[in-house]
There are 2 protein chains.
Amino acid sequence: MKIIDSIIKIPIFSSLSEGQLKSLSTIVSEKSFNKGETIFSQGDEATGFYAVLSGLVKIFKLSLNGKEQILHVFGNGNIFGEVPMFSGEKFPANAVAIEKSRLLFFPKRLLLKLIKEDATIAMKMLSELSSRLRYFTRLVEDLSLKEVPARLAAYILYLSNIKGGSNDITLSITKGQLSSLLGTTPETISRILSKLNNNGIIQMHGKKIKIIDYQGLEEISRGKKIENY
Amino acid sequence: MKIIDSIIKIPIFSSLSEGQLKSLSTIVSEKSFNKGETIFSQGDEATGFYAVLSGLVKIFKLSLNGKEQILHVFGNGNIFGEVPMFSGEKFPANAVAIEKSRLLFFPKRLLLKLIKEDATIAMKMLSELSSRLRYFTRLVEDLSLKEVPARLAAYILYLSNIKGGSNDITLSITKGQLSSLLGTTPETISRILSKLNNNGIIQMHGKKIKIIDYQGLEEISRGKKIENY
DNA sequence: CGGGTACTTGACAATGGTCAAGTGTGGTGG
DNA sequence: CCACCACACTTGACCATTGTCAAGTACCCG
């Protein structure tokens, strides 16, 4: 059964029994979204949650004058929209596909039943929500205690880390979306990136970034100012 | 048994069975902290979590140059420090008593066992973490999409709401701590409060705030500028 | 190849942070 | 009960960072 193969690739469900997987597979549905399509909007009634099979999804808030703050970018194997299952009923933010994406949709009802029956799922869910909280703890810290150059440097280092410390990085999102993720504007990102470029700390070609001076980048992520070229 | 009476006042444990309460009571300990005392620091190994019996506790992050961002202020019945139980091992932020406080300490080991046995506790924990996530969602939104006057106005309205819509509010924290909670400085808070005062939107005497123009305050919380007196 | 979106760069403005100095104010000990 | 001291708060002047607006360039997709 194809859908079962998909389900076990989602980490929080990887340890389900044969029977649980089967009953899940009868209610799970696959949905596809094109680039730019809305998956749900803030305030929508939540009837279940999603997992990403392929593609990229952004979770974000909008201000009254249209500025957006991205909270997360979710990709392969990530789940999202699970918060309203346990608290409140409505989605607290918006979700839009930023690439063509295939998602699995899990209806709320059976999931809650499953969690009540199987403590290991509950524990995985608890651990998932806890890492989400850790992430937000850090996001809040970054937004309010660090200046934009430090946030950007930290983000580049983070990308390098995911790639096992590689110096060659390719942005998976546009610079505009990056600015929204870091709580700033495309102009500011542009300016800081070219400063980093001019100071020989990175080399940039389109979406590709090469870290030249790893240590310098780390210092900036800790708050050191960028020399004015 | 006094300690059992304390435990059942913590919402997530209110529905425990007699037996569960008893076994909990043998491992739970009560701890007291004076104003200003550190409960734990970021990076400390977490051996359990806390619940507030009385007093007030702030959870916060520090920047390199000493600026603090308060993430939460927890009071009666709230639990904190539970994230490392499910993800990672270390506390992601600092906790300090801002009033003389009595706390319950729950060691990690037995708690995890309890959760695995009793799905209702797991569900309460999931719901607790989910509201925490909702709160952070909002905090991030506020910090990055709203200006300080809007944040402050929203906070005053929030306090009014807790008091059932009363117009007379007493700050439970100092204005310095309020500024840290709102991601700004005491000076900025001072200036905005006196502007609100001069414009007849609030009346302020020390820690007491009286809302005069409720609608005006709501408009400011939505981003309207404060007239220059 | 064309059209639209993303990005860059410059000039400017404004929000809010910092530093400094002065004014309360509450709690403690004499 | 009062005086004093430490701490919280206020107010002013200044300035850094970053947002905004505008215009031009590059780039990608169809």
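Figured I'd write up the structure that's included with this text. No experiment lies behind these values; they were computed from the predicted model shown.

## Notes on the overall build of chain A
Moving on, step 1. Looking only at helices and strands, chain A has nine helices and eleven strands in total.
Moving on, step 2. A total of 229 residues make up chain A; the buried ones form 35% of that total.
Moving on, step 3. Taking the intrachain contacts of chain A between residues at least 6 apart in sequence as the baseline, contacts between residues at least 24 apart amount to 68%.

## Regarding the protein's contact with DNA strand C
Moving on, step 1. Looking at DNA strand C, there are 18 residues lining it, with Thr174(A), Lys175(A), Gly176(A), Ser190(A) and Glu147(B) nearest.
Moving on, step 2. Of all elements in the fold, only helix 7 (175-181) and helix 8 (186-198) of chain A together with helix 6 (148-162) and helix 8 (186-198) of chain B reach the threshold of two or more residues within the surface near DNA strand C.
Moving on, step 3. Residue contributions to the surface near DNA strand C peak at six residues, all from helix 8 of chain A.
Moving on, step 4. Residue composition of the surface near DNA strand C, grouped by class: four nonpolar, eight polar and six charged.

## What about the protein's contact with DNA strand D?
Moving on, step 1. For DNA strand D, the set of nearby residues contains 18 residues, the closest of which are Glu147(A), Thr174(B), Lys175(B), Gly176(B) and Ser190(B).
Moving on, step 2. Secondary structure elements with two or more residues in the surface near DNA strand D: helix 6 (148-162) and helix 8 of chain A together with helix 7 (175-181) and helix 8 of chain B.
Moving on, step 3. Broken down by element, the residue count for the surface near DNA strand D peaks at six residues, all from helix 8 of chain B.

## Describing helix 8 of chain A
Residues and elements named next belong to chain A.
Moving on, step 1. In a regular helix each residue adds 1.5 Å, so 13 residues correspond to 18 Å; helix 8 covers 18 Å between its end C-alpha atoms and thus fits that length.
Moving on, step 2. For helix 8, every residue scored as buried is listed here: Ile189, Ile192 and Leu196. Down the axis, helix 8 shows its buried residues gathered within 70° of arc, on one side only.
Moving on, step 3. For helix 8, the elements touching its buried residues are helix 6, helix 7 and strand 10 (202-205).
Moving on, step 4. Following helix 8 by one or two positions, Gly200 has its phi on the positive side, about 70°.

## A look at the relation of the copies chain A and chain B
Moving on, step 1. The transform that puts chain A on chain B rotates by 180° and translates by 0.0 Å along the axis, for an RMSD of 0.1 Å. The transformation just described matches what one would write down for a two-fold rotation axis.
Moving on, step 2. The residues that chain A uses at the interface reappear at the interface of chain B in 100% of cases, marking a shared surface.

## Notes on the packing of helix 6 of chain B against helix 8 of chain B
Packed helix pairs are specified by the crossing angle of their axes together with the interaxial distance, meaning the distance between the axes.
All names here are of chain B.
Moving on, step 1. Running from N to C, helix 6 and helix 8 point in directions that differ by 70°, and their axes come no closer than 10 Å. Comparing their axes, helix 8 and helix 6 come out roughly perpendicular. Contacts between helix 6 and helix 8 involve Val148, Pro149 and Leu152 on the former and, on the latter, Thr188, Ile189 and Ile192.
Moving on, step 2. The class makeup of the residues in the contact of helix 6 with helix 8 is five nonpolar, one polar and no charged.

## Observations concerning the interface of chain A and chain B
Moving on, step 1. Between chain A and chain B, the residue contacts involve 35 residues of the former and 35 residues of the latter.
Moving on, step 2. Looking at the side of chain A that touches chain B, the elements with two or more residues in it are strand 5 (68-74), helix 3 (83-86) and helix 5 (119-145) of chain A.
Moving on, step 3. Across the side of chain A that touches chain B, the residue classes break down as 17 nonpolar, eleven polar and seven charged.

## Considerations on the sheet that holds strand 2 (residues 38-40) of chain A
Moving on, step 1. Taken in spatial order, the four strands make up an open sheet running 2-7-4-5 (chain A), and their pairing is antiparallel. Looking at which strands have only one partner, the edges of the open sheet turn out to be strand 2 and strand 5 of chain A. Adjacent strand axes in the sheet meet at a mean angle of 30° when their direction is disregarded.
Moving on, step 2. Where strand 2 of chain A lies against strand 7 (residues 94-97) of chain A, two bridges are found, and the strand directions are antiparallel. Residue pairing in the sheet places Thr38(A) in a bridge with Val96(A) of strand 7 of chain A.
Moving on, step 3. Strands in contact with helix 5 (residues 119-145) of chain B are strand 4 (57-62) and strand 5 of chain A; relative to strand 5 of chain A, the strand with the most contacts, it is inclined by about 135°.

## Re the nonpolar core
Moving on, step 1. Within the largest apolar cluster, 120 residues are counted, with the highest numbers of intra-cluster contacts made by Val57(A), Leu126(A), Val140(A), Val57(B), Leu126(B) and Val140(B).
Moving on, step 2. Apart from residues no more than four positions distant in its own chain, Leu126(A) is found in contact with Phe86(B), Ala122(B), Met125(B), Leu126(B) and Leu129(B).

## Description of the pairing of strand 10 (residues 202-205) of chain B
Walk down a regular strand and you will see the side chains alternate between the two sheet faces.
Residues and elements named next belong to chain B.
Moving on, step 1. Strand direction decides the pairing type here: strand 10 and strand 11 (residues 208-211), joined by four bridges, are antiparallel. From the neighbouring strand, Met204 faces strand 11, where its bridge partner is Ile209.
Moving on, step 2. Once strand 10 ends, the chain turns through two residues before running back antiparallel as strand 11, passing Gly206 with a positive phi of about 60°.

## Points about the sheet that holds strand 8 (residues 101-107) of chain B
Residue and element names in this part refer to chain B.
Moving on, step 1. Taking strand neighbours across the sheet as the criterion, the four strands line up as 1-8-3-6 in an open arrangement whose pairing is antiparallel. Two strands in the sheet have a free side with no partner beyond their single neighbour: strand 1 (29-33) and strand 6 (79-80).
Moving on, step 2. Looking at chain direction, strand 3 (residues 48-54) and strand 6 are connected through two bridges and run antiparallel. Bridged to Ala51 within strand 6 is Ile79.

How each quantity is defined
Residues numbered from 1 in each chain as written. Chains lettered and ligands numbered in written order. Predicted model: local features only at pLDDT ≥ 70, side-chain atom pairs only at ≥ 80, totals over all residues. Helix = DSSP H or I, 4+ residues; strand = E, 2+ residues; numbered from the N terminus. Buried ≥ 20, exposed ≤ 12 C-beta atoms within 10 Å, placed from the backbone. Contact = placed C-beta atoms within 7 Å. Near = placed C-beta within 6 Å. Nonpolar A, V, L, I, M, F, W, Y, C, P; charged D, E, K, R; others polar. Expected span 1.5 Å × (residues − 1). Arc of directions from axis to C-beta. Least-squares fit on C-alpha atoms with pLDDT ≥ 70 in both. Axes fitted to C-alpha atoms, helices over the stretch in contact; angles between N-to-C directions. Parallel < 35°, antiparallel > 145°, perpendicular 65-115°, else oblique. Pairing = 2+ DSSP bridges. Core = buried A, V, L, I, M, F, W, Y, C linked by C-beta atoms within 7 Å.

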